[in-house]
Amino acid sequence: MKAAVIVFPGSNCDRDMAVALEQAGADVSMVWHKDAELPSGVDVVAVPGGFSFGDYLRCGAIAAQSPVSAALKDHVNRGGYALGVCNGFQVLCETGLLPGVLMRNAGLKFVCKSVDLTVASSDSAFTRGYNAGDTISVPVAHHDGNYVADETLLAKLRDEDRIAFTYNDNPNGSSADIAGVLSDNRRVLGMMPHPERCVDAGHGGTDGQAMFRALMGELVSA
Amino acid sequence: MKARVHIMLKNGVLDPQGEAVRHALGTLGFDGVEGVRQGKVIELDLAGDDKSAAEAEVAQMCEKLLANTVIESYQVEIV
């Protein structure tokens, strides 16, 4: 599996993401945001966490206009896989590759802790390694993770089984406790919690490993 | 020519920052503040002097970047 991790000015989880992908067996390249093309043959593009462009204007809004974001859109429109974590989720929403928007946490505080998530759908290359209904513990670290979707969108996400993860104890006010959502073709996942921060016993937990391994399994056999 | 863009959260979108400001005003003794909505103002210096063309172009800028129209509405003012 060939993976690319996009690096924006202000990204700070890019190397963690690369390590998590490599640990699952992926061949990883880092791609600077000014590159207008992704390396050839890339199967999955990861958009990492951080504070791209200092969160100026809106989180992810400037990054969504970077040259690499056009390449990312092409990749996804061709049926490619993409994973956006934290700021990466915000970028995917700003590019329009995922619906909804992430607003300031309802409690106005930066939330940094491990939270329990319920796997709401195991029907994706990212979540196949879990069983629907499983509880996993994954760290969150964000100020703008309050996922906002109107009733129409929520109904659509529920009907199409596109809610990947929900919070057991909502830390940020997200609609319907949503922690992660899938695109309509189920090949793009955006989530606020950081699976790349729990892939090694030294991290204090390994519940994120199943995501990278499942993705690897799916893409190697494909 | 200057354009001034006002960006506000749409009605019905909960504004946690506005709520916090309302709370703080109450703490300071300003009673009777029933609601606070916080938005942003962006000023642009523009070349050219065709007001209606500028207005249309700034609206495009809002649609593409300055506002997230899922949750925000905008108003363009040429000054």
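Refer to the structure printed above.
What counts, and at which threshold
- Residues numbered from 1 in each chain as written.
- Chains lettered and ligands numbered in written order.
- Predicted model: local features only at pLDDT ≥ 70, side-chain atom pairs only at ≥ 80, totals over all residues.
- Heavy atoms only, no water.
- Core = buried A, V, L, I, M, F, W, Y, C linked by side-chain atoms within 4.5 Å.
- Buried < 20%, exposed > 50% of the residue type's maximum accessible area, 1.4 Å probe, protein only.
- Helix = DSSP H or I, 4+ residues; strand = E, 2+ residues; numbered from the N terminus.
- Contact = heavy atoms within 4.5 Å.
- Pairing = 2+ DSSP bridges.
- Axes fitted to C-alpha atoms, helices over the stretch in contact; angles between N-to-C directions.
- Buried area = accessible area lost by both parts, 1.4 Å probe.
- Salt bridge = Lys/Arg side-chain N within 4 Å of Asp/Glu carboxyl O.
- Polar contact = N/O pair within 3.5 Å; in protein donor to acceptor, adjacent residues only side chain to side chain.
- Phe/Tyr/Trp six-rings, centres within 6.5 Å; stacked < 30°, edge-to-face > 60°.
- Arc of directions from axis to C-beta.

Draft legend 1. How the structure looks around the nonpolar core. Counting residues in each nonpolar core, the largest one holds 71 residues, and the members touching the most others are Leu 21, Leu 72, Leu 117, Tyr 147, Phe 165 and Leu 189 of chain A. Counting residues per element, this core draws most heavily on helix α5 (residues 209-221) of chain A, at five residues. Setting aside its immediate chain neighbours within four residues, Leu 21 of chain A contacts Met 1, Ala 3, Val 5, Ala 26, Val 28, Ala 46 and Phe 212 of chain A. If you look at the next biggest cluster of nonpolar residues, it comprises 12 residues, including Val 5, Leu 44, Cys 62 and Leu 66 of chain B.

Draft legend 2. Geometry of the sheet that holds strand β1 (residues 2-9) of chain B. All names here are of chain B. Read from one edge to the other, the open sheet built from three strands follows the order β2-β1-β3, with strand pairing classed as antiparallel. Two strands bound the open sheet, and with one partner strand each, they are β2 (40-45) and β3 (72-78). Strand-to-strand, the axes of this sheet are offset by a mean angle of 20°, without reference to chain direction. The sheet contact formed by β1 and β2 spans six bridges and is antiparallel. From the neighbouring strand, Val 5 faces β2, where its bridge partner is Ile 42.

Draft legend 3. Representation of the interface of chain B and chain A. Listed per partner, the contact involves 16 residues of chain B and 12 residues of chain A. Overall, the association of chain B and chain A removes approximately 1,100 Å² of surface from exposure, summing both partners, and the carbon and sulfur fraction of that is 69%. Of all residues in chain B, the largest losses of buried area upon contact with chain A belong to Pro 16, Leu 65 and Asn 68 of chain B, amounting jointly to 43% of the total for that side. Here chain B is connected to chain A by one salt bridge. The closest approach of N and O atoms between Glu 72 of chain B and Arg 58 of chain A, which form a salt bridge, is 3.8 Å. Remark: the boundary between chain B and chain A carries five residue pairs in polar contact (both at pLDDT 80 or more). Every element with two or more residues in the side of chain B that touches chain A is listed here: α1 (16-27), β2 and α2 (51-66) of chain B.

Draft legend 4. The arrangement of the packing of aromatic side chains in detail. Residue and element names in this part refer to chain A. Applying the stated rule across the entire model yields four aromatic pairs over all chains. Look at Phe 8 and Phe 53: their rings are 6.4 Å apart centre to centre, the planes differ by 55°, and that puts the pair in the tilted class. Of this pair, Phe 8 sits in the loop between β1 (2-7) and α1 (14-23) while Phe 53 sits in the loop between β3 (44-47) and α2 (67-77); the two residues are 45 residues apart in sequence, bridging distant segments of the chain. The exposure class assigned to Phe 8 is buried, which follows from its relative accessible area of 2%. Classification of Phe 53 by relative accessible area gives partly exposed; the value is 22%. Taking 5.7 Å as the distance between ring centres and 15° as the angle between the ring planes, the aromatic pair formed by Phe 89 and Tyr 147 counts as stacked. Here Phe 89 is found in helix α3 (residues 87-95), whereas its partner Tyr 147 is found in strand β8 (residues 146-148), with 58 residues between them in sequence. Residue classification places Phe 89 among the buried positions, given a relative accessible area of 0%.

Draft legend 5. Structural context of α2 of chain A. Residue and element names in this part refer to chain A. Taken as a whole, α2 has its buried residues at Val 68, Ser 69, Ala 71, Leu 72, His 75 and Val 76. Here the buried residues of α2 occupy an arc of 155° about the axis, which is enough to place them on one side. One or two residues past the end of α2 sits Gly 79, with phi positive at roughly 95°.

Draft legend 6. Focus on unusual backbone geometry. All names here are of chain A. With a phi close to 60°, Asp 55 is a non-glycine residue in the positive phi region. If you trace the backbone, Asp 55 turns up in the loop between β3 and α2. A positive phi angle is found at Leu 57, which is not glycine, with a value near 70°. Residue class for Leu 57 comes out partly exposed when judged on its relative accessible area of 26%.

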